[in-house]
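Survey of secondary and tertiary structure
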Amino acid sequence: MTTVAVITPLSGISPIVLGCDLGFSVGGLRFRGREKWIGGRDVAIGYAGMSRGLDLLRAGAKGLTQPDQPTHDIVESMIELLENGGVEYYDEDGKFPAVHADMIIARPGELYRVGHDFSCALVDCPFLAIGSGEELALGAFHAVQSSDSIPPLRQQMSLALGAALAFDTGSSGEKWIEEVRWADDGRGGGVQSGDGPDRVVG
């Protein structure tokens with residue numbers, strides 16, 4: 001599958017650091033892909049799942065990343081995009097929408113984990129990961145936080161992704177790491193889909 005992660009500062013709202021591996025697989029083959037994050041002025045969305053779903057969300061990024069849009073509305077827009085694109089399915093009872101993916105919604109001062117059934121939970125933690133390398137990335141982050149000397153956020157992300165790439169068979173390719181300042185932190189910023197990646201190899 002993949003590893004997608006985000007780190008937020010312990011104080012203040014930005015900068016945050018987004019990260020993921022750049023590999024994806026089709027059957028038994030692995031290929032190099034794009035970053036698994038899209039975003040705008042005050043929201044960034046990470047996606048771990050079928051590449052078709054990520055393509056649909058990227059194509060509809062403007063509708064997902066409007067300033068001051070409530071998080072619930074973002075999730076509803078994601079459901080609509082994936083359903084119209086043929087990626088969404090319904091659970092065994094045919095009642096609730098679902099998709100073969102997990103997602104992260106990062107907002108100023110807030111992190112949400114969106115499950116395959118589109119349940120959306122606010123996470124009380126400065127670090128969040130999804131995908132097949134999730135547990136390895138979380139373990140690496142916890143180990144870093146427990147050390148005597150805590151490195152900068154970018155280095156923490158590099159270590160977390162490095163653990164996933166080393167041991168998770170579903171994560172592959174280079175690391176993609178990008179530092180983002182929110183537009184409303186007084187310095188301007190935001191993340192735009194297609195921004196150049198800050199790749200860290202190894």
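Here the structure is shown first, and the text comes after it.
Sequence order sets the numbering: in each chain, residues are counted from 1 along the sequence as written. Whole-chain, interface and lining totals are the exception, using all residues; otherwise, since this is a predicted model, local features are given only for residues with pLDDT of at least 70 and side-chain atom pairs are given and counted only at 80 or more. Only hydrogens and water are set aside; all other atoms, that is, all heavy atoms of the structure, feed into the side-chain values.

Brief notes about a nonpolar patch on the surface
- Any residue with relative accessible area above 30% and no salt bridge may belong to a patch, with like charges joined within 9 Å and the nonpolar Val, Leu, Ile, Met, Phe, Trp and Tyr side chains within 5 Å. Using a 1.4 Å probe, the Shrake-Rupley method yields the accessible areas, and only the shown protein chains count as cover for residues. For this document, the term salt bridge refers to a Lys or Arg side-chain nitrogen within 4 Å of an Asp or Glu carboxyl oxygen. Nonpolar side chains collect at one region of the surface, where Val-26, Leu-29 and Phe-31 lie side by side and expose about 290 Å² of accessible area between them.
- Mapping Val-26 onto the fold places it in strand 3 (residues 23-26). Helix and strand assignments follow DSSP, with helices taken as H or I runs no shorter than four residues and strands as E runs no shorter than two, numbered in order from the N terminus.

Describing the pattern of salt bridges
- All chains considered together, the criterion is met by seven salt bridges.
- Across the salt bridge formed by Asp-102 and Arg-113, the nearest N and O atoms sit 3.6 Å from each other. Residue Asp-102 is found in strand 9 (residues 101-107), and its partner Arg-113 is found in strand 10 (residues 110-114); the two are separated by 11 residues along the sequence.
- Only protein chains enter the accessibility calculation, which uses a 1.4 Å probe; a residue is then buried when its area is under 20% of its type maximum, exposed when over 50%, and partly exposed in between. When its relative accessible area of 18% is taken as the criterion, Asp-102 is described as buried.
- Connected through salt bridges with shared partners, the residues Asp-102, Arg-113 and Glu-134 form a single ionic network.

A look at the sheet that holds strand 6 (residues 44-49)
- By the convention used here, strands pair only if DSSP detects at least 2 bridges between them. Strand order in the open sheet made by the five strands is 5-6-9-10-11, with antiparallel pairing throughout. Unpaired on one side and paired on the other, strand 5 (37-39) and strand 11 (120-122) mark the two borders of the sheet. Strand-to-strand, the axes of this sheet are offset by a mean angle of 20°, without reference to chain direction.
- Sheet analysis places strand 6 next to strand 9, joined by six bridges and oriented antiparallel. Of the residues in strand 9, the one forming a bridge with Ala-48 is Asp-102.
- Residue contacts follow a heavy-atom distance rule, with two residues in contact if any of their heavy atoms lie within 4.5 Å. A fitted line through C-alpha atoms represents every axis, and for helices the fit uses only the stretch in contact; the resulting angles, taken between N-to-C directions, go from 0 to 180 degrees. Relative to strand 6, helix 1 (residues 51-59) is tilted by about 160°, and along the sheet it contacts strand 5, strand 6 and strand 9.
- Across the face of the sheet, helix 3 (residues 71-84) comes into contact with strand 6, strand 9, strand 10 and strand 11 while running at roughly 150° to strand 9.

So, the packing of helix 1 against helix 3
- The contact between helix 1 and helix 3 brings their axes to 9 Å, and the two run at 120°. When the interaxial angle is binned, helix 1 and helix 3 end up oblique. Note that helix 1 runs across helix 3; the crossing there is right-handed. Touching Gly-53, Leu-56 and Leu-57 of helix 1 are Met-78, Leu-81 and Leu-82, all from helix 3.
- Ten residue types, Ala, Val, Leu, Ile, Met, Phe, Trp, Tyr, Cys and Pro, are classed as nonpolar, four, Asp, Glu, Lys and Arg, as charged, and the remainder, Gly among them, as polar. Here the contact of helix 1 with helix 3 is composed, by residue class, of five nonpolar, one polar and no charged. Each angle is binned into one of four classes, with values under 35 degrees roughly parallel, values over 145 roughly antiparallel, values of 65 to 115 roughly perpendicular, and all other values oblique. Left-handed describes a crossing whose near helix is turned anticlockwise from the far helix by less than a right angle; the clockwise case is right-handed.

Notes on helix 5 (residues 153-167)
- Expected span of a helix, by definition, is 1.5 Å for each gap between consecutive residues, and there is one gap fewer than residues. Helix length check: helix 5 (15 residues) gives 22 Å between terminal C-alpha atoms against 21 Å at 1.5 Å per residue, within 8%.
- Gln-156, Met-157, Ser-158, Ala-160, Leu-161, Ala-163 and Ala-164 are the residues of helix 5 that are buried.

Regarding the packing of helix 4 (residues 134-145) against helix 5
- Where helix 4 contacts helix 5, the axes come no closer than 8 Å and their chain directions differ by 140°. What the angle tells us is that helix 4 and helix 5 run oblique. With respect to the hand of their crossing, helix 4 and helix 5 are arranged in right-handed fashion. Counted together, Leu-136, Ala-137, Ala-140, Phe-141, Val-144 and Gln-145 of helix 4 and Gln-156, Leu-159, Ala-160, Ala-163, Ala-164 and Phe-167 of helix 5 form the full contact between these two elements.

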